Amino acid sequence: MHRNKIVSREDWFQAHKAHLAREKELTRFRERIAAERRELPWLKIRKDYVFETEQGPKRLTDLFGTNSQLIVYHFMFGPGCVNHCEGCSFLADHIDGANQHLRHHDVSLVVVSRAPLAELLPYKQRMGWKFDWVSSYASDFNFDMQVSFTDKQIAAGDTTYNFETRPRTSKELPGTSVFYRDENRDIFLTFMSRARGGEAQIGAYDYLDMTPKGRNENGPYHGLMDWVRLHDEYQGKQAGQASCCEERSRRPKHALRLPLIV
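Let us look at the structure shown here. Just so you know, these numbers come straight off a predicted model, no measurement behind them.

## Things to note about the side chain of Arg181
Logical step 1: Locating Arg181 in the fold gives a position in strand S9 (residues 175–181).
Logical step 2: The charged side chain of Arg181 is buried without a salt bridge, its nearest counter-charge being Asp62 at 6.2 Å.
Logical step 3: Among the polar contacts listed, one links the side chain of Arg181 to the backbone oxygen of Thr61, at a separation of 2.8 Å.
Logical step 4: A polar side-chain atom of Arg181 sits 3.0 Å from the main-chain carbonyl oxygen of Gly65.
Logical step 5: Other than its neighbours up to four places away in sequence, Arg181 contacts Thr61, Phe64, Gly65, Thr66, Asn67, Ser68, Asp186 and Ile187.

Encoded structure:
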């Protein structure tokens, strides 16, 4: 590890004080972006999506519960997936803590995957997660949200993700979608976060960014796959082991720097 310059207490104080101005600038900029996000136009949802849940079939409106706002995390878990996505699991480890507060602030949060519920629940139990995880297997929800793709779309190179259409090889990609339900029970898609936008939900990164070594993503993939493991696999699992995200050998180098597959 590179050793930084060692200085006197006064020089240390002045350098950190100067840097604090940049930190404050970032905070104010983040607040402005959040305000702009809240002013974006909405898209009315006209399909009546049905999901498989632990309480039986539910429509999209049912996922709101008594709240008017709904956050959906799209977990990369397609039918038959046996190698679980480290990136999605890393993010999912942060959900339950936040959800203790969100549900009391007019926000419901659910995780959605295309795999049947019977394939999702054993992994949820293994990981010790408490959030609601539902299956969109019987609906077009994931496809309409542009996080799942058909074989035909992939063959044609006609895959739109993160507002960009280009060829991709993965049938499942991650992201977050936000919805609002008004007093007439009409539902609107108010925001999408895809690709690296998922970093905002990964609090561990904020801790790492304060440390001297930072994220330490200096291995062969130059991203989270260099070090992140399922939280019960830190002992024994080797870097580079396959996951259901997609074959690492197919990922362009620039994509490997992202915290979630793009």
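## Looking at the pattern of salt bridges
Logical step 1: Considering all chains together, one arrives at 15 salt bridges under this definition.
Logical step 2: In this structure, Arg22 and Glu25 form a salt bridge, with 3.0 Å as the shortest nitrogen-oxygen distance. Here Arg22 and its partner Glu25 are both found in helix H1 (residues 9–38), three residues apart, which amounts to about one turn of the helix.
Logical step 3: Among the residues examined, Glu25 registers a relative accessible area of 41% and is labelled partly exposed.
Logical step 4: For the salt bridge of Asp48 with Arg59, the shortest nitrogen-to-oxygen distance reads 3.0 Å. Of this pair, Asp48 sits in the loop between strand S1 (43–44) and strand S2 (50–53) while Arg59 sits in strand S3 (residues 56–59); the two residues are eleven residues apart in sequence, bridging distant segments of the chain.

## Regarding the pairing of strand S5 (residues 107–113)
Regular strands place side chains that alternate from one sheet face to the opposite one.
Logical step 1: Of all seven residues making up S5, seven are buried, and the element is well covered by its neighbours.
Logical step 2: Residues of S5 alternate between two faces, with Val107, Leu109, Val111 and Ser113 on one and Ser108, Val110 and Val112 on the opposite face, all of them buried.
Logical step 3: Relative to S5, strand S4 (residues 69–74) runs parallel, the two being bridged by six bridges. The residue bridging His74 from the neighbouring strand is Val112, located in S5.
Logical step 4: Where S5 lies against strand S6 (residues 132–135), four bridges are found, and the strand directions are parallel. Bridging across to S6, Ser113 finds its partner in Ser135.
Logical step 5: Taking the sense of rotation as the criterion, the β-α-β connection linking S5, helix H5 (residues 117–127) and S6 turns out right-handed.

## Overview of the pairing of strand S10 (residues 187–194)
Logical step 1: For S10, a buried count of seven out of eight residues is recorded, marking the element as mostly surrounded by other parts of the structure.
Logical step 2: Inspection of the sheet shows S1 paired to S10 by two bridges, in the antiparallel sense. The residue of S10 that forms the bridge with Lys44 is Phe188.
Logical step 3: Counting the residues in the hairpin turn of S9 and S10 gives five residues, including Arg185, whose phi is positive at 70°.

## Topic: the environment of Leu208
Logical step 1: Position of Leu208 relative to the elements: it lies in helix H8 (residues 203–209).
Logical step 2: Not counting the four nearest positions on each side in its chain, Leu208 is found in contact with Gly214, Arg215 and Trp227.

About the thresholds
- Residues numbered from 1 in each chain as written.
- Predicted model: local features only at pLDDT ≥ 70, side-chain atom pairs only at ≥ 80, totals over all residues.
- Heavy atoms only, no water.
- Helix = DSSP H or I, 4+ residues; strand = E, 2+ residues; numbered from the N terminus.
- Buried < 20%, exposed > 50% of the residue type's maximum accessible area, 1.4 Å probe, protein only.
- Lys, Arg positive; Asp, Glu negative; His and termini not counted.
- Salt bridge = Lys/Arg side-chain N within 4 Å of Asp/Glu carboxyl O.
- Polar contact = N/O pair within 3.5 Å; in protein donor to acceptor, adjacent residues only side chain to side chain.
- Contact = heavy atoms within 4.5 Å.
- Pairing = 2+ DSSP bridges.
- Right-handed = clockwise from strand over helix to strand, strands pointing away.

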